[in-house]
Amino acid sequence: MPHTIVIGAGLAGLAAAVRLIDAGHRVTLIEATKAGGGRARSFVDPASGRELDNGQHLVMGCYRETLAFLRQIGVHDGIYFQRDLAIDMVKPGGKRAKLLCPPLPAPLHLAAGLLTMRGVGVLHKAAALRAGLLLSGEVRRPDDNETCDAWLRRLGQTAGIRAIFWEPLIWATLNDDPLVASAAMLMAVLERAFMSTRDASRLGVPRVPLSRLYVDQALAYSRDRGAVIHLGQPVRALRVADQAIAGVILKSGEQIDADQVISAVPPPALLDMLPGTWPNHPIFQDVARLGASPIINLWLVVDRAPFDDPFLGLVSSELHWLFNRSRIEGHSGGEALLNVTISAARASLEDSQEALVGLFNAEMRRYFPGRPYTIRHVKVIKEKRATISHAAGTYHRRPEAQSPLRGLYLAGDWVRTGLPATIESAVQSGHDAAAALLPPT
Ligand SMILES: Cc1cc2nc3c(=O)[nH]c(=O)nc-3n(C[C@H](O)[C@H](O)[C@H](O)COP(=O)(O)OP(=O)(O)OC[C@H]3O[C@@H](n4cnc5c(N)ncnc54)[C@H](O)[C@@H]3O)c2cc1C
């Protein structure tokens with residue numbers, strides 16, 4: 001039985017491990033932290049005693065590989081899915097624009113949703129519809145060198161429809177500013193989410209903390225089927241013999257041999273593990289040039305929520321999305337746990353907790369006037385390298401699953417999956433890496 005080491009127990013590594021175990025491989029999974037989960041994890045916050053995610057994570061109906069992974073590890077009902085895509089966007093003063101897509105086949109459901117959107121002028125709706133018509137005829141993707149901003153201008157999109165539909169979609173799915181982000185990446189999202197099936201565009205919110213949803217069960221599944229799991233043991237270096245991978249060396253000095261290795265760690269960690277002159281290889285030089293984009297999450301326990309919805313977006317605010325976790329978990333009224341997400345938060349990275357809470361309070365007054373509340377706990381989580389940057393012209397730097405070093409396969413949300421760096425990209429990359437080293441069936 002071939003022995004494969006998977007480095008990293010984030011979603012990519014877990015998905016790869018589960019696939020290989022199912023294919024009969026001997027698997028050793030090695031993770032630097034004590035609990036795994038990487039950028040999609042939860043932990044108990046000592047101050048509030050609550051289990052918090054490192055950041056609110058949404059999924060979509062089009063996350064095929066993710067849903068297959070969850071089914072495989074036996075987590076069937078951990079995500080609450082909308083029946084049809086519905087999003088409320090709030091404007092300053094509290095007025096709303098509501099996107100509600102009726103049960104029609106895609107992409108008609110989106111066209112009808114945009115046409116009947118409340119709180120949006122007819123000119124803006126006409127612009128969105130025009131974009132839809134152009135897209136359904138335009139099979140060719142926009143060039144990766146074109147920014148979302150340039151592409152939206154080319155499609156004649158008005159400021160109104162950009163603020164309510166396009167820009168929230170770009171910040172949320174690409175975690176980058178529309179002025180910078182690649183239109184080709186946006187097109188990948190549009191194709192998967194809005195132009196395939198009606199169910200593909202539905203949003204899903206985890207009902208349980210992230211580690212319970214994605215990580216604990218995957219580790220248990222792997223362990224029960226014979227995988228060896230090392231937690232809290234960082235890999236220091238890859239070991240190479242005769243120009244091929246031979247195993248890994250842990251930080252403790254222990255050496256573990258393997259026939260193949262799947263690296264499922266982020267770019268800087270991979271580059272640190274490469275031995276000899278391998279970091280100079282053009283493919284790894286490209287990896288070194290991938291940028292990063294941060295996300296800030298504020299968790300707040302308040303005596304009562306200033307809004308009644310499970311989640312909503314703010315139009316033209318530095319705070320992009322608001323979630324009422326208590327509502328999502330089925331509690332209503334009384335004390336509430338809120339989450340605020342700031343995507344591509346480069347401008348706020350150095351802000352203190354006090355400044356971020358000040359911003360939250362100012363925005364609540366602006367968007368929900370007359371809804372007073374008292375904050376009881378705050379936890380700010382700044383993920384500086386939440387995702388790679390999807391800046392236009394950078395997709396070619398993302399490597400394929402098969403690396404130039406024989407026996408080394410690459411996984412992670414940042415490899416070349418055709419998708420922006422998301423849960424779905426991570427899980428797909430894990431499945432792709434496993435498929436690349438398994439014999440063809
Ligand atoms: C705040 C935030 C919000 C997000 N929101 C969404 C969302 O709403 N929807 C969505 O689809 N995606 C979202 N994402 C993106 C999603 O979390 C990531 O795409 C996904 O978790 C990446 O998984 P991964 O396995 O590729 O990498 P990681 O999760 O980074 O896993 C890599 C693992 O490798 C380990 N590791 C690193 N170095 C070593 C070493 N030397 N030895 C051993 N192990 C090592 C790390 O500890 C880690 O566990 C969000 C991300 C963040 C940070």
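Rules of the game
Residues numbered from 1 in each chain as written. Predicted model: local features only at pLDDT ≥ 70, side-chain atom pairs only at ≥ 80, totals over all residues. Heavy atoms only, no water. Pairing = 2+ DSSP bridges. Helix = DSSP H or I, 4+ residues; strand = E, 2+ residues; numbered from the N terminus. Axes fitted to C-alpha atoms, helices over the stretch in contact; angles between N-to-C directions. Near = heavy atom within 4 Å. Polar contact = N/O pair within 3.5 Å; in protein donor to acceptor, adjacent residues only side chain to side chain. Areas by Shrake-Rupley, 256 points an atom, 1.4 Å probe, with all protein chains shown as cover. Nonpolar A, V, L, I, M, F, W, Y, C, P; charged D, E, K, R; others polar. Domains from an automatic or database assignment.

Caption draft 1: Region of the structure containing the sheet that holds strand 14 (residues 260–263). Strand order in the open sheet formed by five strands is 10-2-1-14-20, and the pairing between neighbours is parallel. Every other strand in the sheet has two partners, leaving strand 10 (228–230) and strand 20 (408–410) as the edge strands with one partner each. Each strand of the sheet is rotated relative to its neighbour by a mean of 20°, with strand direction disregarded. Examined bridge by bridge, strand 1 (residues 3–7) and strand 2 (residues 26–30) share five bridges and lie parallel to one another. If you follow Ile7 over to strand 2, its bridge partner there is Ile30.

Caption draft 2: Highlighting the site of the ligand. Inspection of the region around the ligand gives 35 residues, with Glu31, Arg39, Leu58, Tyr63 and Asp413 positioned closest. Ala32 places a polar main-chain atom, nitrogen or oxygen, 3.1 Å from a nitrogen atom of the ligand. For the ligand, the protein covers 91% of the area, taking 1,000 Å² as the surface of the free molecule. Taken together, the elements giving at least two residues each to the shell around the ligand come down to helix 1 (11–22), strand 15 (292–302), strand 19 (375–388) and helix 13 (423–437). Of the residues in the shell around the ligand, the class split is 19 nonpolar, twelve polar and four charged. Three or more residues apiece are contributed to the shell around the ligand by two domains, here domain 1 (3–51 + 209–290 + 392–437) and domain 3 (292–388).

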